[in-house]
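Close look at the chain arrangement
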Amino acid sequence: MTTTRSEGPHPELVAEVQSWLDQDPDEATRAELSDLLARAQSGDDEAIAAVESAFAGPLTFGTAGLRAALGPGPSCMNRVVVQRAAAGFAAWLHAHGNTGGSVVIGFDARHNSDVFARDTAEIMAGAGFHALLADSPIPTPVTAFAIKHYGAVAGVMVTASHNPPADNGYKVYLGDGSQIVPPTDTEIAHEIEVVSEEPVSAITRGDDIELIGDELIDAYVSRAAELTKANPGVTWVYTAMHGVGTRVVRRLVEQAGLPEFVGVSEQLEPDPDFPTVSFPNPEEPGALDLALDRARCQDADVVIASDPDADRCAVAAPDPRCASAEDPQGWRMLRGDEVGVLLGQRALDLAATGALHGVDGGAPVLANSIVSSRQLGAMAADAGVAHVETLTGFKWISRVPQLGFGYEEALGYCVDPTHVKDKDGISAALAVAELAAGLKADGRTLVDLLDDLARRLGNLLPPGVRENREELQQNFKAVLQSGLAKLDLVTREEFEVQRAVLLRTREKIEMLERRLAEIERRDDDDIHT
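Conventions adopted
- Residues numbered from 1 in each chain as written.
- Predicted model: local features only at pLDDT ≥ 70, side-chain atom pairs only at ≥ 80, totals over all residues.
- Heavy atoms only, no water.
- Pairing = 2+ DSSP bridges.
- Helix = DSSP H or I, 4+ residues; strand = E, 2+ residues; numbered from the N terminus.
- Axes fitted to C-alpha atoms, helices over the stretch in contact; angles between N-to-C directions.
- pLDDT = per-residue confidence, 0-100.
- Contact = heavy atoms within 4.5 Å.
- Core = buried A, V, L, I, M, F, W, Y, C linked by side-chain atoms within 4.5 Å.
- Buried < 20%, exposed > 50% of the residue type's maximum accessible area, 1.4 Å probe, protein only.
- Arc of directions from axis to C-beta.
- Parallel < 35°, antiparallel > 145°, perpendicular 65-115°, else oblique.
- Nonpolar A, V, L, I, M, F, W, Y, C, P; charged D, E, K, R; others polar.
- Patch = residues over 30% accessible without salt bridge, like charges linked within 9 Å, V, L, I, M, F, W, Y side chains within 5 Å.
- Areas by Shrake-Rupley, 256 points an atom, 1.4 Å probe, with all protein chains shown as cover.
- Salt bridge = Lys/Arg side-chain N within 4 Å of Asp/Glu carboxyl O.
- Lys, Arg positive; Asp, Glu negative; His and termini not counted.
- Charge placed at Lys NZ, Arg CZ, Asp CG, Glu CD.

Reading across from one edge, E1-E5-E4-E2-E3-E6 is the order of the 6 strands in this open sheet, with mixed pairing throughout. Looking at strand neighbours, the two that pair on one side only are strand E1 (66–69) and strand E6 (209–212), the edges of this open sheet. Along the sheet, successive strands turn relative to each other by an average axial angle of 15°, direction set aside. Relative to strand E4 (residues 154–158), strand E2 (residues 102–107) is paired through 5 bridges, and the arrangement is parallel. Each residue of the ladder has a partner; that of Val-103, found in E4, is Ala-154.

So, in structure tokens, the structure goes:
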């Protein structure tokens, strides 16, 4: 609701703000909003704009749940929004025949994640469910694992993944451990709307809450260790990017018999402010600088990074073609498609020995999303293994029948879909370390394997940073024109395809622009030094 600045906020907006203040259980956001309202009523243009933004409309609950900046009002992440979401999800579960059973609730180490998780547990308990609440921050793939491990009817993960520090989010899973797909998202959104007609104080709370901790971590680690062959012959650097991966990765390394990693000490422990990176996404320029410095000092074979909630896995490796006087080893970050191809080859090797099966025990199927490379499909065809291309996102990849391995180029890899029907940066990290160790024993590297595959099947991977930017911009225009040309004919599935390609292509262009700017800045520094 737009306001004439000289008049202060519109009376209807003031009434909406006051109603929110009356039900907000969080002292910090109440104080923040009260201050904003007071300044807005005194004619402060900046405060008026902030209030209008906070009350521009409710967050949209989509297939990825909710994600936004922390703050007061329905357009931000806060306790009122989360409690409404929890009650709406519980109502949806009731409407679909789940009136009891367990609901797993996990959370990362971001600001207020623990508070949002506790609110969710109390509301799920009040709705007749047995709430299984993590006793401390855990990775997203551990929450996904817990749903099937405990036989829960649903799960919730409080996380904003690799978003900026000011953000948080809310993601839900179904009883099979998969993320939701349409029309479930709109059905849950409708239930949230119904709940939102009453104050949050009207939502029933309960105390049927069980804390889960070491037993869950032990179960996840035991399963993940079964997927990894012990091989001590690799030196690897690991960073958790100030997130929650370190504890689980360290226990998994010990149980699997892999060598202890060289840790980036500044980034191993959870810190919601992510102080050493400008953006806590391993894909971003500069995010792996500390890890790469550590790798050069340790003469490491590979660098592996988790994003803050450890569902994604980034990899860097030495490439002689990138060597320079400053970096004789030529360290570079592998693109998501390259890591997907490497893990895909590992999956094909396992399938050839009968060690890889589909989720229901049948012949394994490999899968990747439509915005990923065609290389995995070519490899699977060459090996006589089925391959499927899906819409973007693990909500689709995880639903492929008899999935044995799946990936998307945005650093998401699913190496154990039977137990974790989502991307899992922890088991993927150990798989990469194992692969690097095996190659090293044969006198080869990850880059050597990529080159071998390119020579054998042709290089179907996307080009490098400078070339990729131009190609992506052309693709973006082509897809946009194609999508606009058939708006009057588009089906829901065609719309999802077009939207997924457009959004991810735009993200990749923006990211590559930042990378190219960093490259050009470094080139310029070299010229002037």
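Next up on the list: the sheet that holds strand E9 (residues 302–306). Whether parallel or antiparallel, the strands of a sheet pair through hydrogen bonds between backbone atoms. Strand order in the open sheet formed by 5 strands is E8-E7-E9-E10-E11, and the pairing between neighbours is mixed. Only two strands of the sheet have a single neighbouring strand rather than two, namely strand E8 (262–263) and strand E11 (331–333). With 4 bridges joining them, E9 and strand E10 (residues 313–318) adopt antiparallel strand pairing. Opposite Ala-305, over in E10, you have Ala-314 as the bridge partner.

Averaged over every residue, the pLDDT of the protein is 89; the share at 70 or more is 86%. Confidence drops under a pLDDT of 50 for residues 464–469, and excluding neighbours within four residues, the segment shows 15 contacts in the predicted structure.

Attention now goes to the nonpolar core. Core analysis: the largest hydrophobic core is formed by 147 residues, its most contacted members being Tyr-170, Trp-236 and Leu-446. It is helix H14 (residues 425–441) that provides the largest number of residues to this core, a total of 11 residues. The contact partners of Leu-446, leaving out residues within four places of it in the chain, are Val-302, Val-315, Ala-317, Leu-334, Leu-342, Val-432, Leu-435, Ala-436 and Leu-439. Counting 7 residues, the second largest nonpolar core, distinct from the first, contains Val-365, Val-400, Leu-403 and Cys-414.

Looking now at the pairing of strand E12 (residues 365–369). Most of E12 is tucked away, with 5 of its 5 residues classed as buried. Of the two faces of E12, both are covered, the one formed by Val-365, Ala-367 and Ser-369 as well as the one formed by Leu-366 and Asn-368. Here E12 runs beside strand E13 (residues 386–390); their pairing, made up of 5 bridges, is parallel. Opposite Asn-368, over in E13, you have Glu-389 as the bridge partner. Note that E12 and strand E14 (residues 403–408) share 4 bridges and pair parallel. Across the sheet, the residue bridging to Val-365 is Leu-403, located in E14.

A separate point is helix H10 (residues 289–298). Of all the positions in H10, only Ala-291, Leu-292, Arg-294 and Ala-295 are classed as buried. Buried residues of H10, viewed axially, fall in a sector of 160°; they line one side. Looking one or two places after H10, you find Asp-299, whose phi comes out positive at around 50°.

Let us look at unusual backbone geometry. The peptide bond linking Pro-182 to Pro-183 adopts the cis configuration, its omega dihedral lying at 5°. Here Pro-183 shows up in the loop between strand E5 (167–174) and helix H7 (184–195). Unlike most non-glycine residues, Phe-274 shows phi in positive territory, near 45°. Assignment of secondary structure puts Phe-274 in the loop between E8 and H10. Positive phi, close to 70°, is recorded for Leu-411, a residue that is not glycine.

Packing of helix H11 (residues 336–352) against H14 leaves a shortest axis separation of 10 Å and a crossing angle of 75°. As judged from the angle between their axes, H11 and H14 are roughly perpendicular. Mapping the contact onto sequence places Val-339, Leu-342, Leu-343 and Arg-346 in H11 and Ala-428, Ala-431, Val-432, Glu-434 and Leu-435 in H14. Here the contact of H11 with H14 is composed, by residue class, of 7 nonpolar, no polar and 2 charged.

There is a patch of like negative charges on the surface, built from Asp-207, Asp-208, Glu-210 and Glu-215. Relative to the assigned elements, Asp-207 resides in the loop between H7 and E6. Among the residues examined, Asp-207 registers a relative accessible area of 72% and is labelled exposed.

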